[in-house]
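Single-letter residue listing:
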Amino acid sequence: MERTQVVILGAGPAGLFLSHLLHLGGIESVVLERRDRAYVEGRVRAGVLEFGAAELLREAGLGGRMDREGLVHRGINLRFAGQRHRLDFEDLVGRGILVYGQQEVVKDLIAARLAAGGTIIFGADAVRIEGIESTRPTVAYDTSSGQGELAADVVAGCDGSHGTSREALTGARRFERIYPYAWLGILAQTPPAAEELIYAYHERGFALHSMRSPAVSRLYLQVAPDEELDRWPEARIWEELRLRLDEPSLRPGPVIESSITPMRSLVIEPMQAGRLFLAGDAAHIVPPTGAKGMNLALADVSVLAGALLEWYRSGSTALLDSYSADCARRVWRAQHFSSFMTQLLHRDPQGDPFEHRLRLSNLAYLSGSRAAAKSLAENYVGAATGALG
Ligand code: RFL
Ligand code: PHB
């Protein structure tokens, strides 16, 4: 059986960043990833980095391409009742956000790990975690050429929302909420219709205008949770975006990628049992409306890496013991904010007129009151817990 110090399940932002931070601290790890490298690098997901998350990447020496190609945004726009209102985050809370695709973060992390001689085993599906209550847990994994097994001091479950590590975490509580909405997302070869993000609340449903570069737009539409992509030919998607976003400069362009994502909130607590630690989507899922998922994943593993380094250095388990509680504060704030943004901006599927008027009232309040706008800004940029700098 092979041996390493930390075995990490999953080469998403959480697993890769953890492996990188451990390496910087002189600790060896092996990353097991179910998919192949091209798949992982091509998967289109999140786009917004909080100020603090971008800073964490910079501090770890990963800011080069991010700062050259990432788009600095000072604020976002809310659109409702036929008007667009800008929330200027820099003015409200003194910081903005960085629009840089998750797949770019993942590419940068893989390149850094491989350049430093790190081990990422692609095509390795972790199937069994054993011995988490002992000092020598093991992970068995399947590859196309047979089964392998790794022994380690610690197992980090960074295997996302459909991984296996969550099931191995015995005795944890599960908090969950399902929403009656899904997002149809497209990546399109067309210049963004505006400089910043636009969150649009419309009688036809929510729409979001985002981007990846000056030539590539990322756009989303609220659809029913059981909606099928086949029912959305490109012409229908563009027409619906035109109606809901109401941006005269929105131009249809070739669609590079499209997918439908159901929305839910989930927290597993505590995020640890014995020598198994969960991080990122394996431990918690947020609906994407608050743009928090990738940021939470990066924040979790920076706490976990710090705790592991301290343990290897001094033998003290104090930081490992408080890992879950230390993360929970940020996780629950993000859960509340993501749930709030989701309820605020999505059309009630029953079309309840009372709900509609409540949403319009709150949107008007957020656009008109500096105190209300400041609260949203503080949460959006990740300053509401004070924990990310
Ligand atoms: P990931 O990225 O899902 O990575 C987990 C990895 O584990 C692998 N895996 C396994 N490997 C080995 N053995 C097994 N048994 C395995 N099971 C799974 C998987 O193949 C995968 O490579 O989780 P991680 O690292 O925790 O990162 C979390 C983020 O990916 C996620 O929170 C964000 O994408 C959420 N999200 C957003 N987050 C933001 O911060 N800002 C955003 O603007 C934002 N927008 C979004 C989003 C997610 C979206 N979708 C598609 C869910 C927009 C969308 C549409
Ligand atoms: C994205 O650019 O993909 C994006 C931006 C903001 C969100 C969700 C996704 O709230």
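Residues numbered from 1 in each chain as written. Chains lettered and ligands numbered in written order. Predicted model: local features only at pLDDT ≥ 70, side-chain atom pairs only at ≥ 80, totals over all residues. Heavy atoms only, no water.

What the protein chain contains, in helices and strands, is 13 helices and 21 strands. Relative to its length of 389 residues, the protein chain is compact, with a C-alpha radius of gyration of 21 Å against a globular reference of 21 Å. Principal axes of the C-alpha set define a box for the protein chain whose edges measure 60 × 45 × 40 Å. Per-residue burial over the protein chain gives 54% buried out of 389 residues. (Helix = DSSP H or I, 4+ residues; strand = E, 2+ residues; numbered from the N terminus. Rg over C-alpha atoms; globule rule 2.2 N^0.38 Å. Buried < 20%, exposed > 50% of the residue type's maximum accessible area, 1.4 Å probe, protein only.)

With that settled, consider helix H11 (residues 323-345). Between its terminal C-alpha atoms H11 stretches 33 Å, which fits the 33 Å expected from 23 residues at 1.5 Å a residue. The largest bend in H11 comes to about 30°, at Arg329. (Expected span 1.5 Å × (residues − 1). Bend = angle between axes of the 7 residues up to and from the residue.)

Right, let's get into the site of ligand 2. Not every one of the 14 residues close to ligand 2 is listed here, only the nearest: Tyr199, Ser210, Arg212, Tyr220 and Pro288. At 2.8 Å, a side-chain N or O of Arg212 approaches an oxygen atom of ligand 2. The backbone of Pro288 places a nitrogen or oxygen atom 2.8 Å from an oxygen atom of ligand 2. A total of 280 Å² of accessible area belongs to ligand 2 in isolation, and the protein chains cover 97% of it. (Near = heavy atom within 4 Å. Polar contact = N/O pair within 3.5 Å; in protein donor to acceptor, adjacent residues only side chain to side chain. Areas by Shrake-Rupley, 256 points an atom, 1.4 Å probe, with all protein chains shown as cover.)

What follows is about the sheet that holds strand E20 (residues 276-278). Strands pair in a sheet through their backbones, by hydrogen bonds, and they do so in one of two ways: parallel or antiparallel. The strand order across the open sheet built from six strands is E9-E3-E2-E13-E20-E19, with neighbouring strands paired in mixed fashion. Each edge of the open sheet carries a strand with a single partner, namely strand E9 (119-122) and strand E19 (272-273). Contacts from helix H9 (residues 293-314) reach strand E2 (6-9), strand E13 (154-157) and E20 within the one sheet, and its direction differs from that of E13 by about 175°. (Pairing = 2+ DSSP bridges. Contact = heavy atoms within 4.5 Å. Axes fitted to C-alpha atoms, helices over the stretch in contact; angles between N-to-C directions.)

The next point concerns the domain arrangement of the protein chain. Size of an interface: often given as the accessible area lost when the parts come together. You can read the domains of the protein chain as domain 1 (2-175 + 264-381) and domain 2 (179-263). Inter-centroid distance (C-alpha atoms) of domain 1 to domain 2 is 24 Å. Counting residues at the interface gives 38 residues for domain 1, matched by 31 residues for domain 2. Overall, the association of domain 1 and domain 2 removes approximately 3000 Å² of surface from exposure, summing both partners, and the carbon and sulfur fraction of that is 57%. Counting across the interface, domain 1 meets domain 2 through four salt bridges. Of the charged contacts, one joins Arg79 and Asp246 as a salt bridge, the two residues approaching to 3.7 Å between their closest N and O atoms. Taken together, the links from domain 1 to domain 2 amount to 18 residue pairs in polar contact (both at pLDDT 80 or more). (Domains from an automatic or database assignment. Buried area = accessible area lost by both parts, 1.4 Å probe. Salt bridge = Lys/Arg side-chain N within 4 Å of Asp/Glu carboxyl O.)

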